[in-house]
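# Survey of secondary and tertiary structure
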Amino acid sequence: MAGTVRTSPSGSPRALREAYDTALLDLDGVVYVAGDAVPHAVGALEEARIAGMRLAYVTNNASRTPETVAAHLCDLGIPADAGDVITSAQAVARLIAERHPPGSRVLAVGGEGLREALRAQGMSVVESADDEPAVVAQGYGGPHLEWGRLGEAALAVGRGAEWFASNTDLTLPGDRGILPGNGAAVEVVRLATRWMRDAPEPRIAGKPQPPMHRETVLRTGARRPLVVGDRLDTDIEGAHVGGVDSLLVLTGLTDAAQLLAAPPEHRPAYVARDLRGLAQPHPEPAGDAGSGFGCAGWKAGAASGELVLDGEGEVLDGLRALCAAAWTAAGPGRCTLEADKALARLGL
């Protein structure tokens, strides 16, 4: 939770789909990768829905409209409509509307999802810096975003337009590997406006910033939400900022070594291989730095500058024990203990 230092994963004797009323699910790396469903995702989400958990799909990707995202989910076998999808485009459009009156000119640099969200908030979308926009809004435009669009953004910001970004994720997963995200495009505009005396910074709406969490709660009405994601610096930090619990799934960008080294704002309440973790209870590690931390059949601790692990059983229980040992040793910082041998024992 915000303002506290988590030193161990939490425990839940009940399945998470029963302990929380709404799952706020990231999409890329959690539900699908490069458009294809992550293994076990479709079945796990259907079981969670039948169990009574509301499913909301929360994405920093601003390129597609909620209708398009919902149609894609349906094609994968996941029932969804546009109202189940919350995008960073919607969050940034609301942020802009709170600072600028209806009809304000906004230079949109991104996909149709960004343009639609701006129009829904009463903004006038323009295409050129010569249209004298009051605002520049950047959102992920996909692999076909033209270089000239970034030039228009830089020109408009240089002329005094207020600068907003849907999100600043530097990367996103693709079917051939890791690709540049919207944050990379934002960096281009930042570099091109360094000449300004007081070089501006964009106002950011997406995860992990508070506007995205606020937009999600407003649209879902969640009372006990669980953030589910694959990224420590957006999904898990966003949950920390919002003061809600989170589940990290290891199907996207974060691996076990990064999890062990996470600073407090990047430490999830729960960890699972994939979305089947919603259907499972989560054992809580117990112990202390002196005697070590046990979880099911495993025991983890720190000795001679490295994490050590003994025991046997479910791999994720061993990882939970290691998290407790690593985060306790790190306190408010990052764990720097060697973890390769312990993770190799778990096959991670």
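Reading the values: the criteria
Residue numbering note: each chain is counted from 1, following its sequence as written. In keeping with the predicted nature of the model, local features appear solely for residues at pLDDT of at least 70, side-chain atom pairs appear and are counted solely at 80 or more, and the whole-chain, interface and lining totals rest on all residues. Heavy atoms from the whole structure form the basis of all side-chain values; hydrogens and water molecules are not counted. Cavity means a closed set of points on a 1 Å grid over the protein atoms alone, one where a 1.4 Å probe fits but cannot get out, pocket means an open set with protein on both sides within 12 Å along at least 5 of 7 lines, and lining means a residue has an atom within 4 Å of a point. Grid points are joined across faces, edges and corners, and a volume is the space filled by probe spheres set on the points. Secondary structure elements are taken from DSSP: a helix is a run of H or I of four residues or more, a strand is a run of E of two residues or more, and numbering for both begins at the N terminus. Side-chain classes follow a simple rule in which Ala, Val, Leu, Ile, Met, Phe, Trp, Tyr, Cys and Pro form the nonpolar group, Asp, Glu, Lys and Arg form the charged group, and the remainder, Gly included, forms the polar group. By the convention used here, strands pair only if DSSP detects at least 2 bridges between them. For every element, the axis is a line fit to its C-alpha atoms; helices are fit only across the contacting stretch, and the angle between N-to-C directions ranges from 0 to 180 degrees. We count a salt bridge whenever a side-chain nitrogen from Lys or Arg sits within 4 Å of a carboxyl oxygen from Asp or Glu. The buried label applies to any residue whose accessible area, calculated with a 1.4 Å probe on protein chains only, is under 20% of its type's maximum; exposed applies above 50%, and partly exposed to all values in between. Roughly parallel covers angles under 35 degrees, roughly antiparallel covers those over 145, roughly perpendicular covers 65 to 115, and oblique covers all other angles. It only takes one pair of heavy atoms within 4.5 Å for two residues to be counted as in contact. Under the pairing criterion, centres of Phe, Tyr and Trp rings, with the six-membered ring standing for Trp, must be within 6.5 Å; the plane angle then separates stacked pairs below 30 degrees from edge-to-face pairs above 60, leaving the rest tilted. In these notes, a set of buried Ala, Val, Leu, Ile, Met, Phe, Trp, Tyr and Cys residues joined through side-chain atoms within 4.5 Å is what counts as a nonpolar core.

Its volume calculated, the largest pocket comes out at about 580 Å³. What lines the largest pocket is a set of 29 residues, among which Tyr-140, Gly-142, Pro-143, Leu-172 and Pro-180 lie closest to the centre. For the lining of the largest pocket, the leading source of residues is strand β10 (residues 171–174), giving three residues. Partitioning the lining of the largest pocket into residue classes produces 14 nonpolar, eleven polar and four charged.

By definition, the strands of a sheet pair up through backbone hydrogen bonds, in either a parallel or an antiparallel sense. Pairing in this open sheet of six strands is parallel, and the strands run β5-β4-β1-β13-β14-β15 from one edge to the other. For this open sheet the edge positions go to β5 (85–87) and β15 (270–272), each flanked by a neighbour on one side alone. Sheet twist, expressed as the mean angle between neighbouring strand axes with direction ignored, is 25°. Sheet topology note: the strand β13 (residues 225–229)/strand β14 (residues 245–249) ladder contains four bridges and is parallel.

Let's shift gears to the pattern of salt bridges. Within this structure, the stated rule accounts for 21 salt bridges. With its nearest N and O atoms 3.1 Å apart, the salt bridge here joins Arg-149 to Glu-127. In this pair, Arg-149 is assigned in helix α6 (residues 147–158) and Glu-127 in the loop between β7 (124–126) and β8 (135–138), connecting sequence segments 22 residues apart. Residue classification places Arg-149 among the buried positions, given a relative accessible area of 14%.

The next subject is the packing of helix α4 (residues 88–97) against helix α8 (residues 210–220). Direction vectors running N to C along α4 and α8 enclose 100°, while the axes themselves pass 9 Å from each other. Of the possible angle classes, the one that applies to α4 and α8 is roughly perpendicular. Along its contact with α4, which presents Ser-88, Gln-90, Ala-91, Arg-94 and Leu-95, the element α8 presents Pro-211, Met-212, Arg-214, Glu-215, Leu-218 and Arg-219.

By the element assignment, Glu-146 lies in the loop between β8 and α6. Since its relative accessible area comes to 55%, Glu-146 is described here as exposed.

The tally for this structure, following the rule as stated, stands at one aromatic pair. Ring centres of Tyr-20 and Tyr-270 lie 6.1 Å apart, and the angle between their planes is 80°; this geometry places the pair in the edge-to-face category. Placement of the pair is Tyr-20 in the loop between α1 (16–19) and β1 (22–25) and Tyr-270 in strand β15, with a sequence separation of 250 residues. Residue classification places Tyr-20 among the buried residues on the basis of a relative accessible area of 4%. Relative accessible area serves as the criterion here: at 5%, Tyr-270 is assigned to the buried category.

Before going further, it helps to examine the nonpolar core. Judged by nonpolar contacts, the single largest core of 32 residues is most densely connected at Val-31, Tyr-57, Val-228, Leu-275 and Leu-278. Top contributing element to this core by residue count: helix α2 (residues 41–50), with four residues. With near-sequence residues (within four places) excluded, Val-31 lies in contact with Asp-26, Asp-36, Ala-37, Val-38, Ala-41, Leu-45, Tyr-57, Leu-73, Ile-78 and Leu-275. Listed in part, the 30 residues of the second largest apolar core include Leu-232, Leu-309, Cys-323 and Cys-335.

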